[in-house]
Amino acid sequence: MSMRTLPLVFINMGGEMLYILDQRLQAPNKAGDCPEKGVWSEQDRKRVMVTIIRTMFSKDFMDQLFKPQPLYSHRTLKTVLTRLAHTSIMRLSPASMDRLYELMAMAFKRQLVLCPRPRDLLLISYNHLDSVRRFVEDTPNVLNQVDETQRRIIEVYTTLSDAELQLLRQTLLIFLQDMHIRVSFFLRDKVQNPNGRFVLSRSGPVPPGTEVPGMIRMLDSRGREVKRAHFPSGGSYSSPEREGSFSLHGDRVTRLGTNIYGVSQEGETHANRSCAAKGSPSPRPLASEELNLLARLMGGLEVLQRPGSDPAYRVNLFTMDPGEEEEEAEPGESFGDVVTIQATPDAQASSELARIAEVFTDQHQPTEEPCGSSSSSKGADLLALMDTC
């Protein structure tokens with residue numbers, strides 16, 4: 001097991017989280033959405049993104065990440081990422097963060113699976129960092145934090161051998177191997193099977209430094225080629241593309257790790273359906289998979305204002321009763337505007353689910369320790385750092 005995986009996990013999965021949050025914060029202000037539903041101004045969106053990125057790439061946080069240590073559990077990792085998201089004026093409900101974490105993990109898993117060679121994992125990380133730079137290009141001090149983090153990655157990881165990078169990639173694949181969450185645009189693009197497993201292509205360019213398969217060379221005792229034989233490779237492969245840049249800035253060539261989310265990709269949501277009833281253009285639909293994460297995350301924004309409260313936003317990706325929202329809020333927290341992204345607006349279905357849930361109310365449920373506490377101290381230092389932010 002590699003002890004150097006943690007920085008890459010946070011940079012790549014954290015980058016995916018930033019992609020999703022940025023897409024959702026600006027989606028209501030795009031054409032085809034209801035203007036009265038939009039609550040996030042451009043200033044609010046930038047404030048949220050800059051605050052999260054400033055905390056994520058702070059020197060103390062990165063110093064803790066770059067210490068050689070085992071990879072955290074999913075539970076601890078999700079807790080730290082939740083704290084990162086909550087350093088801004090935005091709050092995510094636990095159910096929303098669960099779904100968001102699953103989508104982050106599946107996006108990163110796909111990048112790992114499709115990674116043509118272990119060293120390209122660095123290019124994937126650099127693509128995430130390049131995108132993060134664009135979020136904070138107007139904030140020089142935060143931009144310098146991102147640059148400094150990439151310099152540390154270059155210093156630590158570019159000197160690793162191919163075998164060490166393969167061990168790192170294998171450790172990450174083992175970490176994510178049991179996650180098979182279906183994502184609608186992966187299903188639509190046929191890069192994921194209905195069982196949640198990704199499709200590996202048998203075509204396209206081979207990795208740099210390799211040859212197109214299909215030929216066997218036979219050598220004599222002196223190493224001279226004496227014969228060639230050809231065989232069907234079983235795929236349609238082409239010569240390698242030019243190698244991506246491993247420097248601080250440059251063309252990474254690979255598209256893995258870039259922002260694949262966009263407002264044009266979202267499915268039909270509660271707000272979009274409301275707009276359609278008013279004569280607005282109908283949105284572009286996605287695959288109607290009931291269990292995929294993207295359909296749950298892509299929703300319209302409904303604003304509930306509470307005059308006199310502190311200016312903060314609570315983001316829910318699921319329909320919740322006001323009482324449930326108050327119970328989930330931490331002591332002393334108050335929210336000025338509650339932004340509810342409703343992916344399940346059917347009242348009849350909600351009441352049926354509530355009836356089914358009541359069956360289990362009287363059953364004994366074992367108590368669990370808080371996410372940040374366990375017999376192990378994994379992640380405790382990181383959580384303590386964010387508590388002081």
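Above this text is the structure in question.
Residues numbered from 1 in each chain as written. Predicted model: local features only at pLDDT ≥ 70, side-chain atom pairs only at ≥ 80, totals over all residues. Heavy atoms only, no water.

Draft legend 1. Broad picture of the overall build of the chain. Scanning the chain from N- to C-terminus turns up 14 helices and eight strands. For the chain, with 389 residues in total, the buried portion stands at 44%. Restricting to contacts in the chain with at least 6 residues of sequence separation, those with at least 24 account for 77%. When the accessible surface of the chain is totalled, it reaches about 20000 Å², and 51% of it is carbon and sulfur. (Helix = DSSP H or I, 4+ residues; strand = E, 2+ residues; numbered from the N terminus. Buried < 20%, exposed > 50% of the residue type's maximum accessible area, 1.4 Å probe, protein only. Contact = heavy atoms within 4.5 Å. Areas by Shrake-Rupley, 256 points an atom, 1.4 Å probe, with all protein chains shown as cover.)

Draft legend 2. Structural context of the environment of Val80. Note that Val80 resides in helix α4 (residues 74-85). The spacing of Val80 and Phe10 is 70 residues in sequence and 9.4 Å in space, taken between C-alpha atoms.

Draft legend 3. Seen up close, unusual backbone geometry. Within the chain, Lys190 stands out as a residue other than glycine whose phi angle is a positive 60°. Following the sequence through the fold, Lys190 ends up in the loop between α9 (184-188) and β2 (203-205). Its identity as a non-glycine residue notwithstanding, Val253 has a phi of 70°, on the positive side. Mapped onto the fold, Val253 is located in the loop between β5 (236-238) and α10 (270-277). By relative accessible area, which is 24% here, Val253 ends up partly exposed.

Draft legend 4. Representation of the pairing of strand β4 (residues 225-230) in the model. Across five bridges, the pairing between strand β3 (residues 215-219) and β4 is antiparallel. Its bridge partner lying in β4, Leu219 is registered against Glu225. Between the end of β3 and the start of β4, which pair antiparallel, lie five residues, with Gly223 showing a positive phi angle near 85°. (Pairing = 2+ DSSP bridges.)

Draft legend 5. Summary view of the environment of Leu100. When you line up the elements, Leu100 lands in helix α5 (residues 94-114). According to the relative accessible area criterion, Leu100 is buried, its value standing at 2%. Distance in space between the C-alpha atoms of Leu100 and Lys78 is 9.6 Å, their sequence separation being 22 residues.

Draft legend 6. Examining the pattern of salt bridges more closely. In the structure shown here, the tally under the stated rule is 19 salt bridges. A salt bridge links Arg45 to Glu42; its shortest N-O distance comes to 2.4 Å. Here Glu42 and Arg45 lie together in helix α2 (residues 42-56), a separation of three residues that amounts to about one turn. Here Arg45 falls in the buried class, since its relative accessible area comes to 12%. One salt bridge in this structure joins Arg242 and Asp251, with 2.4 Å as the shortest N-O distance. Look at the salt bridges and you will find they share partners, linking Asp130, Arg133, Asp147 and Arg252 into a network. (Salt bridge = Lys/Arg side-chain N within 4 Å of Asp/Glu carboxyl O.)

Draft legend 7. Summary view of the packing of aromatic side chains. One pass over the structure, following the stated rule, counts five aromatic pairs. Considering the side-chain rings of Phe185 and Phe186, the 4.7 Å spacing of their centres and the 75° angle between planes classify their relative orientation as edge-to-face. Taking relative accessible area as the criterion, Phe185 reaches 3% and is therefore assigned buried. For Phe186, a relative accessible area of 2% puts it in the buried group. One aromatic cluster is present, built from ring pairs that chain together Phe185, Phe186, Phe198 and Tyr261. Geometry around Phe66 places Arg152 over its ring, the cationic atom sitting 4.6 Å from the centre. (Phe/Tyr/Trp six-rings, centres within 6.5 Å; stacked < 30°, edge-to-face > 60°. Lys NZ or Arg CZ within 6 Å of the ring centre and 35° of its normal.)

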